[in-house]
Amino acid sequence: MSKHEIAEAAARLVVEEGLDYGSAKRRALKLLGLPARSALPGQDELEDAVRDYISLFCADTQPAELRALRRCAVYWMERLASHQPYLSGAVWRGTATRLSDIYIQLFCEDEKSAELALLNLGLDYQARTVHGFNGEPVEALSLHYFCAELGETIGVHFLVHDRDDLRGALLPDGRKRAPRGDLAAVRRLLEEDENDR
């Protein structure tokens, strides 16, 4: 079984079940009856397979779902604008569906200030430690938000980084793309989406 076939199986799980890439790859191995140590497709290969799956099976619904998620992201980025929010993940890359969570990275002088901001907004959130974009431990503040446009409750995750990490966060990825975008960039994407309709 090739990496391409694993990527196709994982892509279906990402789109239809909302799994993250790592979980989708591991589950695809089980579904395909392959050993856990099998060679896995890379992130870019899986992203390509997700795009292919969306274009084949979700072309009529995904663009509207993506716009709704990006509008929700703008809402949250505006609320936390003083913490230098950057959108990342599938909502930024354009591969999100109604089952996708929103990932916003915050770059703060004082990392506890993001938690304080959520408390001041009266929000109920869960705090946990996850791996940041450089592999270092960072605080993730997660909450559930009802997106009226989708009629779904979605996960919104704020990953809190030190302000000094911002410079490295803006370096292009292996495909020369911006791996995340600020509020102005997300607004531009929404304008482009509206113009393409």
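Scroll up to find the structure.
I will try to describe carefully the structure that is included in this document. As the structure is a computational prediction, the values presented were derived from the model and not from experiment.

### Side note on the overall build of the protein
When you go through the protein residue by residue, the secondary structure sums to eight helices and five strands. Across the protein, helices and strands are ordered from the amino to the carboxyl terminus as α-α-α-α-β-α-β-α-β-β-β-α-α. The C-alpha atoms of the protein give a radius of gyration of 17 Å, which matches the 16 Å a tight globule of 197 residues would have. The dimensions of the protein, computed from C-alpha atoms along their principal axes, are 50 × 40 × 35 Å. Buried positions account for 44% of the 197 residues belonging to the protein. Of the contacts made within the protein by residues no fewer than 6 positions apart, 63% connect residues no fewer than 24 positions apart.

### So, the environment of Q84
Its place among the elements puts Q84 in the loop between α4 (62-79) and β1 (85-88). Each C-alpha atom of the pair Q84 and C108 lies 7.0 Å from the other, and the pair is 24 residues apart in sequence. Ignoring anything within four residues of it in the chain, the contact list for Q84 reads Q105, L106, F107, R163 and L166. Of the polar contacts made by the side chain of Q84, one reaches the side chain of R163; its length is 2.7 Å.

### Points about the nonpolar core
In globular proteins that are soluble, nonpolar side chains generally tend to be buried together. L87, I102, I104 and F158 are the most contacted members of the largest nonpolar core, which has 35 residues in total. Elements with a minimum of two residues in this core: α4, α5 (89-93), β2 (102-108), α6 (112-120), β4 (137-147), β5 (152-162) and α8 (183-196). With eight residues, α4 is the largest single contributor of residues to this core. Core analysis: the next-biggest nonpolar cluster, separate from the first, contains 18 residues, A7, A10, A11 and A24 among them.

### Observations concerning helix α1 (residues 3-17)
Given a rise of 1.5 Å per residue, 15 residues ought to cover 21 Å, and the 20 Å separating the end C-alpha atoms of α1 matches this to within 8%. Summarising the contacts, the buried residues of α1 are in contact with α2 (21-31) and α3 (43-57). Backbone geometry just downstream of α1 places G18 in the positive-phi region, at approximately 75 degrees.

### Focus on the environment of V15
Within the secondary structure, V15 sits in helix α1. Each C-alpha atom, one on V15 and one on Y53, is 7.8 Å from the other, the two residues being 38 residues apart in sequence. When neighbours within four sequence positions are excluded, V15 is seen to be in contact with V50, Y53, I54, C58, T97 and L99.

### A word on the pairing of β5
For β5, the buried fraction is high: eight of the eleven residues fall into the buried class. Across seven bridges, β2 lies against β5 in parallel orientation. Counterpart to L106 in the pairing with β5 is V160. Linking β4 back to β5 in an antiparallel pair, the connection comprises four residues, with G151 at a positive phi of about 70 degrees.

Scoring rules and cut-offs
- Residues numbered from 1 in each chain as written.
- Predicted model: local features only at pLDDT ≥ 70, side-chain atom pairs only at ≥ 80, totals over all residues.
- Heavy atoms only, no water.
- Helix = DSSP H or I, 4+ residues; strand = E, 2+ residues; numbered from the N terminus.
- Rg over C-alpha atoms; globule rule 2.2 N^0.38 Å.
- Buried < 20%, exposed > 50% of the residue type's maximum accessible area, 1.4 Å probe, protein only.
- Contact = heavy atoms within 4.5 Å.
- Polar contact = N/O pair within 3.5 Å; in protein donor to acceptor, adjacent residues only side chain to side chain.
- Core = buried A, V, L, I, M, F, W, Y, C linked by side-chain atoms within 4.5 Å.
- Expected span 1.5 Å × (residues − 1).
- Pairing = 2+ DSSP bridges.

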